[in-house]
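Examination of the molecular architecture
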Amino acid sequence: MKALDYLPYLVAAWLFVVGLYGIVTSRNLIHAVTCLAVVQSSTYVLLLAVGYRRGAAAPVFIDGQKAMTLRGDNIANEFHQIVENYIEKRFGHQHIAENA
């Protein structure tokens, strides 16, 4: 791992420490709740850092079965097309036209 790969973990630790310090030293309930939100943000950063994989692919499951794997820069558009095709196949073209 490169030194830059540890940056999200350091940011998460820093946010956690700053938020925890604010909670411990706070005498104001609103300030304490705000500091708790900072601690919560540190957990989000940590979860993103743990789950991120360089060059990974996004698996697509349809009805509980792995249908395909998405890669590249056009993932959002491909996924949108998959969802539209699934809705059309599952509920028919009339359902899409009624709710559009």
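Description of the structure in this document.

Reading the values: the criteria
Residues numbered from 1 in each chain as written. Predicted model: local features only at pLDDT ≥ 70, side-chain atom pairs only at ≥ 80, totals over all residues. Heavy atoms only, no water. Helix = DSSP H or I, 4+ residues; strand = E, 2+ residues; numbered from the N terminus. Buried < 20%, exposed > 50% of the residue type's maximum accessible area, 1.4 Å probe, protein only. Contact = heavy atoms within 4.5 Å. Axes fitted to C-alpha atoms, helices over the stretch in contact; angles between N-to-C directions. Parallel < 35°, antiparallel > 145°, perpendicular 65-115°, else oblique. Left-handed = near helix turned anticlockwise from the far one by under 90°. Nonpolar A, V, L, I, M, F, W, Y, C, P; charged D, E, K, R; others polar.

Let's shift gears to the environment of A12. Relative to the helices and strands, A12 resides in helix α1 (residues 7-25). A relative accessible area of 6% means that A12 is categorised as buried. Sequence-wise, A12 and L47 are 35 residues apart; in three dimensions their C-alpha atoms are separated by 9.3 Å. What A12 contacts, discounting residues up to four positions off in sequence, is S42, V45 and L46.

To continue, consider the packing of α1 against helix α2 (residues 29-51). Contact pair α1 / α2: the axes reach a minimum separation of 8 Å and the direction vectors enclose 165 degrees. One finds that α1 runs roughly antiparallel with respect to α2. Of the two possible hands of crossing, α1 and α2 adopt the one that is left-handed. The segment α1 lies against α2, with P8, Y9, V11, A12, L15, F16, G19, L20, G22 and I23 engaging H31, A32, C35, L36, V38, V39, S42, V45, L46, A49 and V50. Broken down by class, the residue content of the contact of α1 with α2 amounts to 17 nonpolar, four polar and no charged.

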